[in-house]
Amino acid sequence: MKHPICKLWLVMLLGILPLFVEAQQQLLQWGELPSLQEAPTQSIGLGGALIGVHNDALLIAGGSNFPEAPPWEGGGKAWYNEVVVLQKVGDDYSYHEQTFALPHPIAYATAISLKEGVLCIGGRNADSVMTGVFLMQWEPEQQAVTFQPYPSLPTPLAFMAGAKVGETIYIAGGQQLVAGGNTTHHFFALNLNHLDQGWVPLPPWPGPSRLVATAVGQNDGATNCFYLMAGRNVAEGQMTSLADVYKYNPATKAWSQQAAIPLPQGHGVIGATGIASGVHHILVFGGADGVMTDRIVAVGKRIKALQDELNAEQDTSMHQQIAVALMGEKAKEAILYNEHPGFSRKVWAYHTITNTWAVVDTLPFTSQITTNAVKWGKQVVIPSGEVSPGVRTSKVKLATLKAPQQFGTINYVVLGIYLLLLVGMGIYFSRREKTTDEFFKAGGRIPWWAAGLSIFGTSLSAISYMAIPAKTFATDWTYFIFSFSQVLVAPVVIWLFLPVYRRLNLTTAYEYLEERFHAVIRLIGSTAFLLFQFGRVGIVLFLPAIALSVVTGFDIYFCIVLTAVLSTAYTAMGGIEAVIWTDVIQVVLLMGGAILCLFLMAGGVDDGWSGMMNTAAEHQKFKVFDFMFDIKSPTFWVLIGGGFAANLITNGSDQTIVQRYMTTRNEKSAAKSIWTNALMVIPAIILFFGLGTALYTYYEAHPAQLSPAMANADAIFPWYIITQLPDGVSGLLIAGIFAAAMSSLDSSMNSTATVITNDFYRRYRPEKTDRQYLRFAKRTTVVVGGLGMLFALLMAGWEIKSLWDEFSKILGLFTGGLGGLFILGMVSKRANTTGALVGFLCSGAVQFWVSNTGNVHFMLYTFTGLVSCLLIGYLASLLLPGKGNAAFTIVQLRKKEKG
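Remember, it's a predicted structure, so these values are computed and weren't measured experimentally. Throughout this description, residue numbers start from 1 for each chain and increase along the sequence as written. Since the coordinates come from a predicted model, pLDDT governs what is reported: local features require at least 70, and pairs of side-chain atoms require 80 or more to be given and counted, while whole-chain, interface and lining totals use all residues. As a rule here, side-chain values come from all non-hydrogen atoms in the structure, and water together with hydrogens is ignored.

Student: So what's going on with helix H11 (residues 608-618)? Which residues, and what values?
Tutor: Partly exposed residues are those whose accessible area sits between 20% and 50% of the maximum for their type, while under 20% is buried and over 50% is exposed, using a 1.4 Å probe and protein chains only. Runs of E in the DSSP output that reach at least two residues are strands. Runs of H or I that reach at least four are helices, and both are numbered from the N terminus. Taken together, the buried positions of H11 are Gly-608, Gly-611, Met-612, Thr-615 and Ala-616. Along the long axis of H11, the arc covered by the buried residues comes to 130 degrees, so they all point the same way. Residues of H11 that are exposed and angled more than 90 degrees away from the buried face: Asn-614 and Glu-618. For H11, the elements touching its buried residues are helix H10 (556-603) and helix H14 (667-701). Downstream of H11 by a residue or two, Gln-620 has a phi angle that is positive, lying close to 55 degrees. The directions considered for the arc are those from the helix axis to the C-beta atoms. We call two residues contacting when some pair of their heavy atoms lies within 4.5 Å.

Laid out in structure tokens, this is it:
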């Protein structure tokens with residue numbers, strides 16, 4: 001262990017050993033905040049209060065209760081206008097000593113927490129149902145609650161459900177009259193960016209009208225949607241408990257019915273509170289099932305009828321009989337109230353992608369209805385509310401979501417052995433890296449099949465191993481065409497790019513730009529490559545960190561640091577030879593693990609493969625082709641054009657790939673490596689897209705095995721690995737995630753070091769010895785790894801729904817024009833330096849316009865960048881003077897070889 005990087009790795013490894021502990025298996029961990037009895041009002045609890053979080057304070061306003069006696073003993077209902085503020089100071093919570101006042105008593109409004117405050121919509125009191133809407137804000141500096149008017153509702157409403165989706169507030173249902181009346185079918189939207197438009201009526205859902213329903217905004221795998229579920233329908237004096245669910249998609253402006261909550265006939269979920277959880281779950285806490293309430297209502301109706309009959313009856317004997325019957329019904333009512341068991345304790349989880357319901361936990365207390373669950377930081381707060389008919393609680397419950405961890409000792413051992421193997425390979429190959437030619441090109445001794453597997457591993461990476469299955473799980477096979485286009489570019493790369501690089505014996509691809517045009521163009525190309533690679537290193541560091549965080553419970557920032565140290569160690573020590581041979585091992589592990597999981601998933605579904613295929617077909621998960629001509633959507637034309645351009649540039653001008661072409665013995669061997677990669681792509685993309693579909697069918701059959709605490713969509717595959725596979729096997733496949741990530745990460749670091757050393761350091765410090773260049777390259781590798789680590793640490797704090805999308809956007813914006821420069825120089829004798837520079841700069845302007853206007857889908861970014869640089873560069877070369885060496889076009893190079 002003499003190598004300093006080895007020592008650093010050992011310190012990191014020893015430092016994490018004490019953290020190898022099993023995490024708790026509960027989904028929800030419950031606690032309590034100070035109850036309302038500790039508030040200045042000394043409240044017994046509230047139903048229908050306006051509840052939200054603003055400026056790190058919990059606001060509880062208005063509400064109603066029965067302060068003197070319960071309703072079955074004749075107690076009257078009181079309505080409130082007080083606002084109490086629960087503040088958090090450090091780890092302590094306490095109520096502000098002062099209460100504040102609403103303009104009037106109010107309860108049963110819809111309250112939605114916004115960044116600007118708590119938006120309070122409609123509601124009622126003893127006298128009226130309201131149309132007013134206002135923003136309630138906590139001002140910590142002034143220690144005051146303020147109110148800001150917002151556009152009023154078009155009609156009075158109370159007991160409606162509402163949620164925020166994007167920058168729009170939606171509310172649905174409710175009731176318009178104080179003395180009951182029918183429920184409504186109203187559905188209104190308020191665009192927060194266009195308040196002047198007011199509340200816009202929208203087409204209602206196709207099911208029955210309702211009140212005290214549950215509404216939540218959540219992503220359905222493709223877009224953010226409004227979900228309306230359950231509640232109670234009141235029509236012509238008849239009440240029906242509901243368990244149905246509807247989704248409104250703002251993108252299509254259409255409703256669709258979803259899977260109902262699986263309850264017995266006649267049962268519903270009434271007055272429950274719900275929240276969006278993770279990336280694709282909705283949690284619904286308890287709620288009344290309506291059965292006991294129906295009995296109480298039925299007894300209440302009989303009491304009223306007997307009371308009316310008693311008041312009207314004149315006959316003394318009949319009067320006495322009616323009074324006896326009335327006393328009996330009142331006794332029944334008291335029993336029903338007093339012996340009410342409380343509302344449901346079930347915690348339901350709805351998964352928006354698989355459209356499934358599951359009971360995922362049981363509340364350790366009677367659920368609280370007619371309240372509002374709100375997110376306060378990373379926790380969920382459920383304040384006060386009704387715990388049985390007419391009875392409130394002053395308790396304020398606090399919940400923390402925990403993802404169960406099951407990564408045992410055996411898995412740690414397997415993962416640790418794999419990581420040790422990687423560093424060991426770096427140490428082994430470091431003994432052979434004596435010159436820069438060996439560090440950058442492996443001395444030309446890499447077999448064609450190993451170079452091909454390395455290209456394949458570099459191209460697929462963790463983005464294939466995690467993000468493609470996650471994307472397919474959420475949607476379908478639409479993006480298959482984009483990946484398949486890599487096969488189509490192989491002949492072009494072999495005919496156009498490969499001969500140029502091999503016959504000029506280049507170390508970096510960007511040396512060609514100087515030979516063909518000018519040193520300035522070379523430096524521009526090198527700089528563009530470096531900018532992209534620093535971002536790429538961050539992404540491929542971030543992906544395995546998600547997986548490691550999910551499986552171990554480690555802090556994601558710690559995971560990023562650990563991954564960066566390990567991958568940097570063997571890359572800096574062993575150079576391109578260590579990179580290629582570790583890639584070979586990683587590809588074998590990556591493909592083997594994916595195949596194993598596919599078979600295991602099939603075994604976990606009823607009827608195996610046939611059941612899996614039938615389920616996927618039923619839910620249209622195999623959709624591939626969309627021939628509609630729309631450049632704003634991922635249609636066939638967008639994906640084939642964008643995929644061809646992206647893969648042509650990656651395989652033709654990306655130093656991470658081009659460098660592999662230079663490690664084989666000759667041009668013929670390099671061509672074989674390109675075909676090896678191309679032929680492996682076909683089964684590989686079928687496998688990875690198939691994994692996403694298999695994950696969908698598996699979790700559609702086993703919805704309770706999904707975690708509502710999963711905070712990143714791209715973690716769905718590692719989640720399956722750690723929760724469903726045996727110890728040892730799951731450890732090996734998590735090592736496969738590292739394999740996928742490191743096969744790209746090591747390539748990025750080595751190629752970046754190659755470019756910095758050859759295109760910058762060697763060019764401007766030509767007096768240095770080869771040993772000094774080698775030392776500089778190794779140090780540069782370490783620096784690149786460190787900068788990539790910093791970028792990944794920043795990225796961990798960003799909200800990124802799909803890394804597949806984000807990576808594709810970066811690829812298109814940064815590399816389109818760069819690829820155009822290479823093709824322009826190789827195919828056109830007329831191209832000159834001035835034209836190339838103009839083409840590249842104009843391509844950047846085009847890309848800026850394209851990315852900010854949304855006129856084309858992001859999958860076309862690379863295509864627009866390449867084509868704009870190529871066309872504008874060619875035209876500018878015809879019109880503007882400039883120099884260029886036409887001897888380095890592909891045609892001239894081939895003529896020279898024949899001559």
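Student: Explain the pairing of strand E11 (residues 133-139) to me, and be specific about the residues and the numbers.
Tutor: Counting buried positions over the seven residues of E11 gives six, a clear majority of the element. Any two strands with at least two DSSP bridges between them are considered paired. Pairing of E11 with strand E12 (residues 144-150) involves seven bridges; the strand directions are antiparallel. Opposite Leu-135, over in E12, you have Gln-148 as the bridge partner. The turn linking E11 back onto E12 is made up of four residues, and Gln-143 within it adopts a positive phi angle of 50 degrees.

Student: Kindly report on the sheet that holds strand E26 (residues 356-362), identifying the contributing residues and their values.
Tutor: Taken together, four strands build an open sheet; the order of strands is E23-E24-E25-E26 and the sheet is antiparallel. Looking along the sheet, the strands with just one partner apiece sit at the ends: strand E23 (273-277) and E26. Averaged over all pairs of adjacent strands, the angle between their axes in this sheet comes to 25 degrees, without regard to strand direction. Axis definition: a line fitted to C-alpha atoms, over the contacting stretch in the case of helices. Angles run 0 to 180 degrees between N-to-C directions.

Student: Describe unusual backbone geometry, listing the residues and the values that go with them.
Tutor: Here the phi dihedral of Ala-230 falls at roughly 60 degrees; this positive angle occurs in a residue that is not glycine. Here Ala-230 lies in strand E20 (residues 224-235). Here Ala-230 falls in the buried class, since its relative accessible area comes to 1%. Look at Gln-620: it is not a glycine, yet its phi comes out positive at around 55 degrees.

Student: Hey, could you go over the packing of H10 against H14 for me, with residue numbers and the actual values?
Tutor: The relative placement of two packed helices comes down to the angle between their axes together with the axis-to-axis distance. At a closest axis distance of 9 Å, the pairing of H10 and H14 adopts a crossing angle of 40 degrees. You can see that H10 and H14 cross each other, and the crossing is left-handed. Residues Val-587, Leu-590, Met-591, Ala-594, Ile-595, Cys-597, Leu-598 and Met-601 of H10 form the contact with H14, whose own contacting residues are Met-680, Ala-684, Leu-687, Phe-688, Gly-690, Leu-691, Ala-694, Leu-695 and Tyr-698. Ten residue types, Ala, Val, Leu, Ile, Met, Phe, Trp, Tyr, Cys and Pro, are classed as nonpolar, four, Asp, Glu, Lys and Arg, as charged, and the remainder, Gly among them, as polar. Among the residues making up the contact of H10 with H14, the classes are represented as 16 nonpolar, one polar and no charged. If you view the pair so one helix is near and one far, a crossing is left-handed when the near helix is turned anticlockwise from the far one by less than a right angle, and right-handed when it is turned clockwise.

Student: Give me the pattern of salt bridges: which residues, what numbers.
Tutor: Just to be clear on terms, a salt bridge is a Lys or Arg side-chain nitrogen sitting within 4 Å of an Asp or Glu carboxyl oxygen. As enumerated under the stated definition, the model contains 14 salt bridges in all. A salt bridge links Arg-503 to Glu-667; the shortest N-O distance between them is 3.1 Å. With Arg-503 in helix H7 (residues 480-503) and Glu-667 in helix H14, this pair connects stretches of sequence that are 164 residues apart. For Arg-503, a relative accessible area of 29% gives the class partly exposed.

Student: An account of a nonpolar patch on the surface is requested, with residue identities and associated values reported.
Tutor: Taken together, the side chains of Phe-625, Phe-627, Phe-629, Ile-631 and Trp-637 present a nonpolar region at the surface, about 580 Å² in accessible area. Relative to the assigned elements, Trp-637 resides in helix H12 (residues 636-653). Patches were defined on residues exceeding 30% relative accessible area and lacking a salt bridge, with like-charge contacts within 9 Å and nonpolar side-chain contacts (Val, Leu, Ile, Met, Phe, Trp, Tyr) within 5 Å. Shrake-Rupley sampling with a 1.4 Å probe provides the accessible areas, and residues are treated as covered by the protein chains on show and by no other component.

Student: Can you tell me about the side chain of Thr-757, naming the residues and giving the values?
Tutor: Assignment of secondary structure puts Thr-757 in helix H16 (residues 729-764). Aside from chain neighbours lying at most four places away, what touches Thr-757 is Phe-440, Arg-762, Tyr-773, Phe-776 and Ala-777.

Student: Mind laying out the sheet that holds strand E31 (residues 396-401), listing which residues take part and the relevant values?
Tutor: Read across the open sheet, the four strands follow the order E1-E31-E28-E27; overall the sheet is antiparallel. Looking at which strands have only one partner, the edges of the open sheet turn out to be strand E1 (28-33) and strand E27 (374-376). Here the average twist between neighbouring strands, direction ignored, is 35 degrees. Inspection of the sheet shows strand E28 (residues 379-383) paired to E31 by five bridges, in the antiparallel sense. Each residue of the ladder has a partner; that of Val-380, found in E31, is Ala-399.

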